[in-house]
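# Descriptive structure summary
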Amino acid sequence: MKLAILLLVLVGMSMAPAEGQASLKFPAEVEAGTAFSVETAGAGAASLYIAGPGELLRRKVQLGETVSFAATDLEVAGHYVAFLVESSKTEGTNSDGATSHSVEFDVVPGRRVAAVSFLAKPSRISVNVPNGLSAVTYVFDVFHNLILQPQEVSFQVTDAMGRTESRSATTLNGVAWVRMNSAAKAGVARFEAVAGNIREKRVVQQVPGDPCAIRMAAHRSGPRVALETDPVRDCNGNPVPDGTIVTFTELYAGGQSTVDVPLKRGIARTEMPAIAGAVISVATGVVMGNEIHWGGGS
Amino acid sequence: MNGGRILGIVLMGATLALVVVGTVWPDQSGASTVDAQARMEISGDSPKGAVDSLMVQMGRRDWEAAYASLANKAEFSEGEFVRDVNGSDGGLRTYADIVGFDEQALHASPDEATIRANLHWASVVGSFTDSRDLRVVRNTDRWQVAWPMAKQTRVPPQVVPVNYLRWDVIDRGPGEDWGTQDVEAPHVRIVAMHPVDRGAGVVVLGELLNEDVVPAFVTVRASLLGGKDAVLATADSFDKISHVLLPKQVSPFRIDFPEVRLPQVSGIRIQPSSSLVAASADPVIGIESQKLSPVPDSSLSGELVNQSGQVVNVAHVLGTFYDGNGQILWVADQYPSSALLPQTPEPFSIAIPADVANKVKNYRVVVSTYSSDRLR
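Residues numbered from 1 in each chain as written. Chains lettered and ligands numbered in written order. Predicted model: local features only at pLDDT ≥ 70, side-chain atom pairs only at ≥ 80, totals over all residues. Heavy atoms only, no water.

Attention now moves to the overall build of chain A. Helices and strands together make up the secondary structure of chain A, namely one helix and 25 strands. When each of the 298 residues of chain A is scored for burial, the buried share is 47%. Partitioning the intrachain contacts of chain A with sequence separation of at least 6 by distance along the chain shows that 56% fall at a separation of at least 24. Carbon and sulfur atoms make up 54% of the accessible area of chain A, which totals about 14,500 Å². (Helix = DSSP H or I, 4+ residues; strand = E, 2+ residues; numbered from the N terminus. Buried < 20%, exposed > 50% of the residue type's maximum accessible area, 1.4 Å probe, protein only. Contact = heavy atoms within 4.5 Å. Areas by Shrake-Rupley, 256 points an atom, 1.4 Å probe, with all protein chains shown as cover.)

Dropping the structure here:
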C-alpha cells in the first residue's frame, strides 16, 4: 500500500502540466479539520489523489468543476501532495496510459488548543527548594497535531494553605516550560497548566525535611511501660509525614527489645516490657532522641 | 492380522496385570521420608514404637488415628490436637508438611519413658524443626504417647482501637495520554554493602534505606565483576530482604553467589530498585527479649509480639549482625511457623554461623508480615 502511494506520488510529481490540460488550484496551506474547496481546470473525468502523513484520499472529479472537501477529510498536519489522473485521454500519457497533474500543499494544525500534555516533576519535593519544580507543556489541537504557532501557557502552583504562585510562558515550536519554587509549608500542592480553555492538573507533594529532634515520655501501663513521642517535626517546624518509622529500643542486662513504630498523627506510641534498670531510647532516621532509665529516673 | 490382534490382547492383559500389581503393592520409592519411615509403624509394644507410630500418622495427616492413639486424649479434643500440631490461623505450619522425624530417648522406666521427637517440616520458604518431649506411658500391654499440648495464652475479648494508616496509589490509566505521568518511584539508597567469602561462595551483605516519605517495594540485584569488568554472576536478594519499606525504614539484604570465590571478584555492581506500592503501616510488631546465645548453638532468639488486633498469618524475621566497628558480619532470617495472634508472644530463633557468632557485638532485627485478609 505504502509502495503504491509512493509510486503514485512519484509518477504524479514527474508529470508537469501541459498547457490546456487538467490542473488544480490548491491553497498553499489548509488548516486541519476545516472544509475547503479546490477549482479544477480542463474537461472530462479524472481521479484526484491526495497523499499525506497517514492519509490517502481518492475522489472521482469532473474537470472544470469545483471539488469540495469536508472538515473531516484532512485532520493530520503535514505536507501533502495532490494529483489528478485523467483516464480518458491518450495524449501525453504516462506509463499507465493516463495524464497527470500534481500540486503540493500543507495542512497546518488548528489554532485552538484542545489538549495539553503536562509533565510536572518531581512528584515529591522538599519544602523551600528554589526552582525545584519543573513544568513542561506540549499544546495540541483537537486532532492532536502539535500547535507550532506561539501559544500563551500559564502555570500555577497552589499549596496546601491556598497560597498561589503563577508564571507564564509562550510556546516555542509547541513547547513551553518553566521552573518554579516549592512552597515553605509541607503538604499537597496543586500544579496547573492552562492554555486556552484547557486546564491540566498535577499533584506535587511538598514534603518536610528529616526530623530535627525527637523526644519521648514514658509511664507505667500494668506490667509494661507505655512510650509516646512528642509530635515529630523537621527543622522548619513542619510535621514529619505520618508513616515515618520511629524505633524504640530497650536495653537491659542480657538482652534487648525493639519495636519499629510508624508515626500516626505526628506521634509514635508503643508499649514495651517494664524491666527495672532498663535503658529505653528512641530514634528516627539518623536522629537520636532522649533516653529513659526505667526505674532509675530519666 | 491375527498376529496384531494377539499382540493387542497380550498388551491389554499386561496393562491390566500391572494396574492390579500397582494397586495391591504400591511402590513407596517416591514417597516422602515419613512414608519411607512407615515401615516403623508398628504397634505400641515399646515406647519408641508408640512414638514412631504417632509420628507416621501425623506425617500422613491421619489425625483421627493419631488422636485415638494418645494416652491423654481426654484432656483435649481432636480439633485442638490438630491445631496444636498443624497450626492454625493461616500460619506457615498450616501450609507445611512433615517430611521426616527423629527421636532421642531421654528417660526410660518400666512404665514410663520420655522421648524427644524432632519433627522436620518443609514449607515453601524453607524447612523448620518442631521438637517435643513426649511422655510415653504403659497402658496395660501397650505404650501410648501423652501429647504435650502447648499452652496458648488467651487474650480476653476486647476492642483494640487502631488509627489505620495506609497509602494507596493512583496510577495513570491505560488510555491516558503520554503526558500524564505516573507518580515517581520512591527514593531508596544503599547505606551499607560488604562482600564476604563464606567458603561455599561469595555473599554480598548490605542495608537499604527508604529515604522517601512514601512506602516502597524494594529489591536489590548485584552483579559480581571479574577481570575487564566481565560479569561473573548476577543474583538478587530474593527473600533475604524486607521487600516493603515504610518511610525511613532500613532493611538488610543478603545475596548469595555459591559459584564464585572472592579472589575472582574485582568489583560489584549493586542495583537497588523501588516502586510505589499500596501499603499499610499496621500491624506493629514488637521484638522483645532478644538474646544472643553463644556457640555451639549460636543463635539470636526472642519473641514477636503483635501489638495490633489483627492476626498476622506469616511473619518473616531478619537479623543483621555487626562487629565492633559497625560493619555487617551476617544477615540471616527465619519464618516462625505459627501465626502471630494479637498481643500473644511468639518465639523466634535465627541461627548464626559459629564463626560469625564469636565476632558479633551488635545486632538489629526487623520483621515483615503477611496477612491474608489484607493486601500489602
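Moving on: the interface of chain A and chain B. Taken together, the 38 residues of chain A in the interface contact 35 residues of chain B. For the pair chain A and chain B, the two sides together bury roughly 2,800 Å², of which 48% comes from carbon and sulfur. A per-residue breakdown of the area chain A buries against chain B is headed by Arg124, Gln256 and Lys264 of chain A, which together make up 23% of the total. Run the count over chain A and chain B and you get four salt bridges. Taken together, the links from chain A to chain B amount to 14 residue pairs in polar contact (both at pLDDT 80 or more). Those elements that provide at least two residues to the side of chain A that touches chain B are strand E9 (115–121), strand E11 (133–140), strand E16 (198–207), strand E21 (245–252), strand E22 (255–262) and strand E23 (269–273) of chain A. Take the side of chain A that touches chain B: its biggest share by element is eight residues, from E22 of chain A. (Buried area = accessible area lost by both parts, 1.4 Å probe. Salt bridge = Lys/Arg side-chain N within 4 Å of Asp/Glu carboxyl O. Polar contact = N/O pair within 3.5 Å; in protein donor to acceptor, adjacent residues only side chain to side chain.)

A word on the sheet that holds strand E19 (residues 224–229) of chain A. Residue and element names in this part refer to chain A. With antiparallel pairing, the three strands of this open sheet are ordered in space as E18-E19-E23. Strands with a single pairing partner mark the edges of an open sheet, and in this sheet they are strand E18 (216–221) and E23. Within this sheet the neighbouring strands show an average axis-to-axis angle of 25 degrees, counted without direction. Pairing of E19 with E23 involves five bridges; the strand directions are antiparallel. (Pairing = 2+ DSSP bridges. Axes fitted to C-alpha atoms, helices over the stretch in contact; angles between N-to-C directions.)

Looking now at helix H5 (residues 78–86) of chain B. Along an α-helix, residues three or four positions apart point the same way, because every turn accommodates 3.6 residues. Residue and element names in this part refer to chain B. Listed as buried for H5 are Phe81, Val82, Asp84, Val85 and Asn86. Buried residues of H5, seen end-on, are gathered within an arc of 165 degrees and therefore sit on one face of the element. Elements in contact with the buried residues of H5: helix H3 (47–59), helix H4 (63–68), strand E2 (112–123) and strand E3 (126–139). Of the residues flanking the end of H5, it is Gly87, one or two places downstream, whose phi is positive at about 80 degrees. (Arc of directions from axis to C-beta.)

As a further point, take the sheet that holds strand E24 (residues 279–284) of chain A. With respect to topology, seven strands assemble into an open sheet ordered E25(A)-E24(A)-E21(A)-E22(A)-E14(B)-E15(B)-E18(B), the strand pairing being antiparallel. Of all the strands in the sheet, just strand E25 (287–293) of chain A together with strand E18 (346–351) of chain B have a single pairing partner and so form its edges. Taking the axes of each pair of neighbouring strands and ignoring which way they run, one obtains an average angle of 20 degrees across the sheet. Bridge count between E24 of chain A and E25 of chain A: five bridges; the pairing is antiparallel. Directly across from Thr284 of chain A, in E25 of chain A, lies its bridge partner Val287 of chain A.

What follows concerns the side chain of Asn210 of chain B. Residues and elements named next belong to chain B. Counting through the fold element by element, Asn210 comes out in strand E7 (residues 202–210). Within the local environment of Asn210, its side chain forms a polar contact with the backbone nitrogen of Asp212, the two atoms lying 3.0 Å apart. Within polar-contact distance, the side chain of Asn210 engages the backbone oxygen of Val214 at 2.9 Å. With near-sequence residues (within four places) excluded, Asn210 lies in contact with Pro186, His187, Val188, Pro215, Ala216, Leu245, Leu246, Pro247, Lys248 and Gln249.

Residues and elements named next belong to chain A. The tally for this structure, following the rule as stated, stands at one disulfide over all chains. The partner cysteine of Cys212 in its disulfide is Cys235, sulfur to sulfur 2.2 Å. Note on the Cys212 and Cys235 pair: the S-S dihedral is about 95 degrees, so by sign convention the disulfide is right-handed. You can see Cys212 sitting in strand E17 (residues 211–213) and its partner Cys235 sitting in the loop between strand E20 (233–234) and E21, a full 23 residues away along the chain. A relative accessible area of 57% places Cys235 in the exposed class. (Disulfide = S-S within 2.5 Å.)

With that settled, consider the pairing of E3 of chain B. All names here are of chain B. Sheet topology places E2 next to E3; 12 bridges connect them, and they run antiparallel. From the neighbouring strand, Glu112 faces E3, where its bridge partner is Val137. The antiparallel pairing of E2 with E3 creates a hairpin that spans two residues between the two strands. Relative to strand E4 (residues 142–146), E3 runs antiparallel, the two being bridged by five bridges. Paired with Asn139 across the bridge in E4 is Arg142. Between E3 and E4, which pair antiparallel in sequence order, lie two residues; one of them, Thr140, sits at a positive phi of approximately 50 degrees.

Just distances and angles here, no functional claims.
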